[in-house]
Amino acid sequence: MQYIDNIIFLILLVAGFGLFAKSLQKIYRNIRLGREINRNDRKPERWETMARVAMGQSKMVKRPVAGVLHLFVYVGFIIINIELIEIIVDGLFGTHRFLATILGHGFYNAFTATLEILALLVVIGVVVFFIRRNFYGVKRLTMKELFGWPKQDANWILIIEFALMVAFFTMNTSDWVLQQKGLLPEHGNFPISSTILAPIFNNFGDSFLFFMERAAWWFHFVGILFFMNYLYYSKHLHIILAFPSTWYANLEKKGKFNNLESVTKEIKLMMDPNADPYAAPAEGAETDVPSKFGAEDVFDLNQVQLLNAYSCTECGRCTSVCPANITGKKLSPRLILMKTRDRLEEVGRNIDKNGKFVDDGKKLLNDYITKEELWACTTCNACTEACPVLLDPLSIIFEMRRFLVMEQSAAPQELNLMMTNVENNAAPWQYNQADRLNWAND
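The following paragraphs examine the structure supplied in this document.

Bringing the environment of Phe 403 into the picture now. Residue placement: Phe 403 occurs in helix H19 (residues 393-406). The exposure class assigned to Phe 403 is buried, which follows from its relative accessible area of 4%. Between the C-alpha atom of Phe 403 and that of Phe 135, which follows or precedes it by 268 residues, the distance is 42 Å. Contact partners of Phe 403, with chain neighbours within four places excluded, come to Lys 292, Phe 293, Gly 294, Ala 295, Glu 296, Leu 365 and Gln 408.

Dropping the structure here:
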């Protein structure tokens, strides 16, 4: 019976990490539904970009208040959970503050003191974020697209992080008071717990202090497992996916759109005076043409675009700088990514239920994202420039507009007229080539 705690701990550990691995496997499967794209070029630049943007938070601090607070929460929460290593070893083998024997007295004191200071910064950050999100009225955080689950999700994450930090301080304070009473070996330096919270805990009895320390220890452990598995349902997947998203980011200059290889070949053939358009293709030459131009559903988007949809932080920085949104248009770049993720999740549930995707009569275009939203975009790239993790909602908009134009001829009348003129007159204007210089006669 003395090992019952260790057995329960092991069961929770395996279950927690097992469910987390299963969630990641689903996300990976869903992303793989998209078209393959090669983004493994310029590797040194990609490593540098990931380190600077995902790890270094370089784009977050462009808005200093939110950026610095986010840095507190991000760095603090990640480093504090290094203590999870110690918790796992202690839980499996019944030890107490295992790292103290590995790091030595001096290093362990510095380690625990650093964790306490970071934990305090995390508490300050999440409290300010909660007030800012719910009471301060930041426009990009109060838009109607965040009503319901997105807002609840953001608040729940802040509450969970706050609760985990409270458990962390409770565990440390109880431990420190018991150490001072000689009831536990002296390990660690707790500058926040020993000065701010210890005077309160000194009034508690020894049995209650032992109970508080163990209860907070278990709560902290189970809370981390819960938080880890909650990520699958939350926008906070960006904690993990920001790293591959920045690695696979588009490193080309803003505004440079991709050309379809099949269309490029056709144009070159048309412009080559020596080419025979009726000649049979050379033996072994590629004759396949795309089954579809542009994107109508998530299957037509590439895997990086689907990764972007899962990585969106819903911070709204993209929407707050979008000129179409600012002037009252329906378009919100943030919502483009959110709707893409919603559709991808729906497709994933369809596959889970049927073993494969069964046509549900829905598409990303029209059922989730409307033509009005797509044509409101000015392709100015403000959204891609503003995103703190280098996501590219514009590329999704562009592919869906490509589908409308090339597959459905469903562009607005002004664009159809322009493209007809280009085709007939080699210019956007409705004049034949012989008359194009008549304006100079006046």
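Together, Val 127, Ile 131, Phe 135, Phe 162 and Val 166 make up a nonpolar patch on the protein surface, roughly 450 Å² of accessible area in all. Only helix H6 (105-136) and helix H7 (149-180) provide two or more residues apiece to the nonpolar patch. When residues of the nonpolar patch are assigned to their parent elements, the largest contribution, three residues, is made by H6. Within the secondary structure, Phe 162 is located in helix H7.

With 14 residues, H19 should reach 20 Å at 1.5 Å per residue; the first-to-last C-alpha distance of 20 Å fits that figure. Most of H19 is tucked away: twelve of the 14 residues are buried. Residues of H19 that are buried: Pro 393, Leu 394, Ser 395, Ile 396, Ile 397, Phe 398, Glu 399, Met 400, Arg 401, Arg 402, Phe 403 and Leu 404. Against helix H12 (303-311), helix H15 (333-354), helix H16 (364-367), helix H17 (371-376) and helix H18 (382-386) lie the buried residues of H19.

Helices that pack against each other are described as a pair by the angle of their axes relative to one another and the distance between those axes. Contact pair H7 / helix H9 (residues 206-230): the axes reach a minimum separation of 8 Å and the direction vectors enclose 150°. Viewed along their axes, H7 and H9 adopt a mutual orientation that is roughly antiparallel. H9 is crossed by H7, and the crossing has left-handed handedness. A breakdown of the residues in the contact of H7 with H9 according to their chemical character gives 21 nonpolar, four polar and five charged.

Our focus in this paragraph is the pattern of salt bridges. Here the structure, examined in full by the defined rule, presents 24 salt bridges. Across the pair Asp 352 and Arg 29 runs a salt bridge whose closest N-O atoms are separated by 2.7 Å. Here Asp 352 is found in helix H15, whereas its partner Arg 29 is found in helix H1 (residues 4-31), with 323 residues between them in sequence. Judged by its relative accessible area of 39%, Asp 352 is partly exposed.

What counts, and at which threshold
- Residues numbered from 1 in each chain as written.
- Predicted model: local features only at pLDDT ≥ 70, side-chain atom pairs only at ≥ 80, totals over all residues.
- Heavy atoms only, no water.
- Helix = DSSP H or I, 4+ residues; strand = E, 2+ residues; numbered from the N terminus.
- Buried < 20%, exposed > 50% of the residue type's maximum accessible area, 1.4 Å probe, protein only.
- Contact = heavy atoms within 4.5 Å.
- Patch = residues over 30% accessible without salt bridge, like charges linked within 9 Å, V, L, I, M, F, W, Y side chains within 5 Å.
- Areas by Shrake-Rupley, 256 points an atom, 1.4 Å probe, with all protein chains shown as cover.
- Salt bridge = Lys/Arg side-chain N within 4 Å of Asp/Glu carboxyl O.
- Expected span 1.5 Å × (residues − 1).
- Axes fitted to C-alpha atoms, helices over the stretch in contact; angles between N-to-C directions.
- Parallel < 35°, antiparallel > 145°, perpendicular 65-115°, else oblique.
- Left-handed = near helix turned anticlockwise from the far one by under 90°.
- Nonpolar A, V, L, I, M, F, W, Y, C, P; charged D, E, K, R; others polar.

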